[in-house]
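The chain contents come next:
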Number of protein chains: 2
Amino acid sequence: MARIPHETFDCAVGCSVEATLNLIGGKWKGVILYRLLAEQVLRFNELRRFLPNITQRMLTNQLRELERDGLVARKVYAEVPPKVEYRLTAHGQTLAPVIAALKQWGDAHIEDGTIKVPTEAG
Amino acid sequence: MARIPHETFDCAVGCSVEATLNLIGGKWKGVILYRLLAEQVLRFNELRRFLPNITQRMLTNQLRELERDGLVARKVYAEVPPKVEYRLTAHGQTLAPVIAALKQWGDAHIEDGTIKVPTEAG
DNA sequence: CGGCATCCGTGATGATACTG
DNA sequence: CAGTATCATCACGGATGCCG
C-alpha cells in the first residue's frame, strides 16, 4: 500500500477526499474500523484475532493513530490481568456510511471478479 | 497516511473494505479520482495543475496503478506535441458513490473543525 | 493480557536530469 | 507535452525481547 505520512498533506480542491483517506487509509484501519463498527466493543486480542497477520506493534500503532484522530476510544481497566477495550467514539461512528460504501463497493466487485482479495482469511 | 503496497493484503472478514482502500488509498488517488469524476477528461498536465505538490514521477505512477486496476483509461494521441488523456473507465465510474461518501464526510468534518487539511492549495 | 522499546529491511516517495 | 531514468531518503512495517 502507499505509505501516507500523517503530516504530509497537500492537494487542491477535493482534498476532503484525501483528508478522509488519510484518517482511514492506514494499512489496517479499514478492517479495524469495520470490526469495531460491527462488534461495538473489542479487546486488544479480540481485535487481533480478526487481523490474523497484523503484528502487535502495528495493531497498537494503528489503534493509537485512530485514537489520536478521535475515531477510537481506549478504555483501560485497572485490573490484573490487564484489560483494555476499544470502541468507536461518536465521531468514529459517523464514519459508518463511509465504511459501508467502501465495503459495498468491495463486495460487489469481488463478486463479479473485477477485483481480488488474496485468499488469506477472508 | 499509511502506505499501502498493492500486493500486500491479508485480513479476515471485512476485507472488502480493505480491498477497496487498496485501490483508492494511494497517496494521491483520491484526488485524482475525484478530479476525473468531476472533469471527465483530463490531460497529464491538467491533472498536475490540480495536484500542486505531486511530482511528475508520482503522477505517472499513480495513474499507471489506477490504469492497471482498471479504474482509469489512458488515451494517447499520435501527435506532436504529445497528447494524453485520462478518464475513468466504466468500472472507475462505479466508484462515484464511494468518493462522494469520502468527500461528504471530509467536508462535513472539516467544516466543524474535527479534522484538518494543511492549508496548501485547498 | 496488553503493551512498549529497539533494531532493521524494504519499498514508497521525492529531487533532479534527460528523452521522444 | 508527457513521460523515463537515476539517485537519495525515510516512513512503514516486521521481528524480537522486556515490562506492569
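What counts and how
- Residues numbered from 1 in each chain as written.
- Chains lettered and ligands numbered in written order.
- Predicted model: local features only at pLDDT ≥ 70, side-chain atom pairs only at ≥ 80, totals over all residues.
- Heavy atoms only, no water.
- Helix = DSSP H or I, 4+ residues; strand = E, 2+ residues; numbered from the N terminus.
- Buried < 20%, exposed > 50% of the residue type's maximum accessible area, 1.4 Å probe, protein only.
- Contact = heavy atoms within 4.5 Å.
- Areas by Shrake-Rupley, 256 points an atom, 1.4 Å probe, with all protein chains shown as cover.
- Core = buried A, V, L, I, M, F, W, Y, C linked by side-chain atoms within 4.5 Å.
- Expected span 1.5 Å × (residues − 1).
- Arc of directions from axis to C-beta.
- Near = heavy atom within 4 Å.
- Polar contact = N/O pair within 3.5 Å; in protein donor to acceptor, adjacent residues only side chain to side chain.
- Pairing = 2+ DSSP bridges.
- Axes fitted to C-alpha atoms, helices over the stretch in contact; angles between N-to-C directions.
- UniProt positions renumbered as here; feature names shortened; annotations may be inferred.
- Phe/Tyr/Trp six-rings, centres within 6.5 Å; stacked < 30°, edge-to-face > 60°.
- Lys NZ or Arg CZ within 6 Å of the ring centre and 35° of its normal.

Is there a simple way to think about the overall build of chain A in this case?
Each helix and strand counted, chain A has six helices and three strands in total. Along chain A, helices (α) and strands (β) appear in the sequence α-α-β-α-α-β-β-α-α when read from the amino end. In chain A, which comprises 122 residues, the share counted as buried stands at 49%. Considering only residue pairs separated by 6 or more positions, chain A has 47% of its internal contacts joining residues 24 or more positions apart. Here chain A has roughly 5,800 Å² of accessible surface; of this, 51% comes from carbon and sulfur atoms.

How do you make sense of the nonpolar core when you look at a structure like this?
A general tendency of soluble globular proteins is for nonpolar side chains to be buried together. Counting residues in each nonpolar core, the largest one holds 63 residues, and the members touching the most others are A:I24 and B:I24. For B:I24, the residues in contact, after removing those within four places along its chain, are A:L21, A:L102, B:K29, B:G30, B:L33, B:L95, B:V98 and B:L102.

Could you clarify how one ought to interpret helix α4 (residues 56-68) of chain A in this entry?
Residue pairs spaced three or four apart in an α-helix point in one direction, given the helix's 3.6 residues per turn. All names here are of chain A. The first and last C-alpha atoms of α4 sit 18 Å apart over 13 residues, in line with the 18 Å expected at 1.5 Å per residue. Listed as buried for α4 are L59, Q62, L63, E65 and L66. Buried positions in α4, seen along its axis, are confined to an arc of 160° and lie on one side of it. Where α4 is buried, its residues touch α1 (15-24), α2 (29-39), α3 (44-50), β2 (72-77) and β3 (83-88). Once α4 finishes, G70 follows within two positions and takes phi at roughly 75°, a positive value.

It is not clear to me how the protein's contact with DNA strand C should be interpreted in this structure. Could you clarify?
Near DNA strand C, the surroundings consist of 25 residues, among which A:T60, A:R64, A:R74, A:Y86 and B:R57 are the closest. Per the 4 Å cut-off to the protein, sugar and phosphate atoms form 64% of the nearby atoms of DNA strand C. One nitrogen or oxygen atom from the side chain of A:N45 is found 2.9 Å from a phosphate oxygen belonging to DNA strand C. The separation between a phosphate oxygen of DNA strand C and a polar side-chain atom of A:Y86 is 2.5 Å. For the surface near DNA strand C, the secondary structure elements donating two or more residues are α3, α4 and β3 of chain A together with α4 (56-68) of chain B.

Help me out: how do you make sense of unusual backbone geometry in this one?
Leave glycine aside and you will find that most residues have negative phi; peptide bonds, for their part, are mostly trans. All names here are of chain A. Residues V80 and P81 are joined by a peptide bond in cis, for which omega reads 0°. Structurally, P81 can be placed in the loop between β2 and β3. Positive phi, normally seen in glycine, also occurs at Q40, with a value near 75°. As for its placement among the helices and strands, Q40 is situated in the loop between α2 and β1 (41-43). A relative accessible area of 52% places Q40 in the exposed class.

Teacher, can you tell me more about the sheet that holds β1(A) here?
Paired through their backbone hydrogen bonds, the strands of a sheet run either parallel or antiparallel. All names here are of chain A. Strand order across the open sheet formed by three strands is β1-β3-β2, with antiparallel pairing between neighbours. What marks the edges here is a single partner per strand, and that holds for β1 and β2. Each strand of the sheet is rotated relative to its neighbour by a mean of 25°, with strand direction disregarded. Sheet topology note: the β2/β3 ladder contains six bridges and is antiparallel.

I keep staring at the sheet that holds strand β2 (residues 72-77) of chain B and nothing clicks. Help me out?
Residues and elements named next belong to chain B. The antiparallel open sheet is built from three strands, whose spatial order is β1-β3-β2. Two strands in the sheet have a free side with no partner beyond their single neighbour: β1 (41-43) and β2. Shown here is a sheet whose adjacent strand axes are inclined to one another by a mean of 25°, direction ignored. With three bridges connecting them, β1 and strand β3 (residues 83-88) associate as antiparallel partners.

Could you clarify how one ought to interpret the UniProt feature "domain: HTH hxlR-type" (unreviewed entry) in chain A in this entry?
Annotation from UniProt places "domain: HTH hxlR-type" (unreviewed entry) at residues 15-114 of chain A. Taken end to end, residues 15-114 of chain A has its terminal C-alpha atoms 27 Å apart, with 61% of it in helix and 15% in strand.

Mind showing me how you'd approach the packing of aromatic side chains here?
Between two aromatic rings, the relevant description is the distance of the centres plus the angle of the planes. Applying the stated criterion to the full structure yields zero aromatic pairs over all chains. Positioned above the aromatic ring of A:F50 is the side chain of A:R35, whose terminal nitrogen or guanidinium carbon lies 4.1 Å from the ring centre.

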